[in-house]
Amino acid sequence: MIVGSTLGIGILRTPGLVAGQLPNPRAILAVWITGGLYTLVGAICLAELGTMLPRAGGDYVYAREAFGDAVGFAVGWTDWITYCAVLGYVSIAMGEFAA
């Protein structure tokens, strides 16, 4: 989920905006490296969870095991709604790129 959120359409849309706010190329590179390390740590955590709980369902399974059925249910629905919202965001970005 961390990797998907980071590498989604935002990686195509926001680098210029972020780079415009930073004073020099070293700062831009430092931000990219920091973001990459953060993503790597998140991916490693999810890989470990996937190894410990090898069942279909992703975040739902992890939340249900850690916090119970009610939290697992909420996480599952929130995850689904997030994916639906991302489709809208991708459509907006594609429209901007096409223009």
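Predicted, not measured: the structure shown is a model, and the values here were computed from it.

## Digging into a nonpolar patch on the surface
A surface patch of nonpolar side chains, amounting to about 500 Å² of accessible area, comprises L29, I33, L37, L40 and I44. Positionally, L37 belongs in helix 4 (residues 25-52).

## Regarding helix 4
With 28 residues, helix 4 ought to run about 40 Å at 1.5 Å a step, and its terminal C-alpha atoms sit 41 Å apart, in line with that. Listed in full, the buried residues belonging to helix 4 are A27, T39 and G42. For helix 4, the N-terminal cap is N24; the gap from its side-chain oxygen to the backbone nitrogen of R26 is 3.1 Å.

## Regarding the pattern of salt bridges
A full pass over the atoms with the stated rule returns two salt bridges. Here E65 ties to R55 by a salt bridge, and the two come within 3.1 Å at their closest N and O atoms. With a gap of 10 residues between them, E65 in helix 5 (residues 59-67) and R55 in the loop between helix 4 and helix 5 connect regions that are remote in the sequence. Across the salt bridge formed by E65 and R64, the nearest N and O atoms sit 3.6 Å from each other. A relative accessible area of 44% means that E65 is categorised as partly exposed. Put simply, R55, R64 and E65 are held in one network by salt bridges that share partners.

## Quick notes on the packing of aromatic side chains
For any pair of aromatic rings, the description rests on two quantities: the centre-to-centre distance and the angle between the ring planes. Here the structure, examined in full by the defined rule, presents two aromatic pairs. Note on W77 and W80: the rings are 5.4 Å apart at their centroids and 80° apart in plane angle, and the pair reads as edge-to-face. Taken together, the positions of W77 and W80, both in helix 6 (residues 69-98) and three residues apart, correspond to about one turn of that helix. Given the relative accessible area of 45%, W77 is considered partly exposed. One aromatic cluster is present, built from ring pairs that chain together F73, W77 and W80.

## Points about the packing of helix 5 against helix 6
At a minimum axis separation of 7 Å, helix 5 and helix 6 run at an interaxial angle of 160°. In terms of axis orientation, helix 5 runs roughly antiparallel to helix 6. Note that helix 5 runs across helix 6; the crossing there is right-handed. Residues D59, Y60, A63, R64 and F67 of helix 5 lie in contact with helix 6, whose contacting residues are D69, V71, G72, F73, V75, G76 and D79. Considering only residue class, the contact of helix 5 with helix 6 consists of six nonpolar, two polar and four charged.

Conventions and cut-offs
- Residues numbered from 1 in each chain as written.
- Predicted model: local features only at pLDDT ≥ 70, side-chain atom pairs only at ≥ 80, totals over all residues.
- Heavy atoms only, no water.
- Patch = residues over 30% accessible without salt bridge, like charges linked within 9 Å, V, L, I, M, F, W, Y side chains within 5 Å.
- Areas by Shrake-Rupley, 256 points an atom, 1.4 Å probe, with all protein chains shown as cover.
- Salt bridge = Lys/Arg side-chain N within 4 Å of Asp/Glu carboxyl O.
- Helix = DSSP H or I, 4+ residues; strand = E, 2+ residues; numbered from the N terminus.
- Expected span 1.5 Å × (residues − 1).
- Buried < 20%, exposed > 50% of the residue type's maximum accessible area, 1.4 Å probe, protein only.
- Polar contact = N/O pair within 3.5 Å; in protein donor to acceptor, adjacent residues only side chain to side chain.
- Phe/Tyr/Trp six-rings, centres within 6.5 Å; stacked < 30°, edge-to-face > 60°.
- Axes fitted to C-alpha atoms, helices over the stretch in contact; angles between N-to-C directions.
- Parallel < 35°, antiparallel > 145°, perpendicular 65-115°, else oblique.
- Left-handed = near helix turned anticlockwise from the far one by under 90°.
- Contact = heavy atoms within 4.5 Å.
- Nonpolar A, V, L, I, M, F, W, Y, C, P; charged D, E, K, R; others polar.

Purely geometric stuff here, so don't read any function into it on its own.
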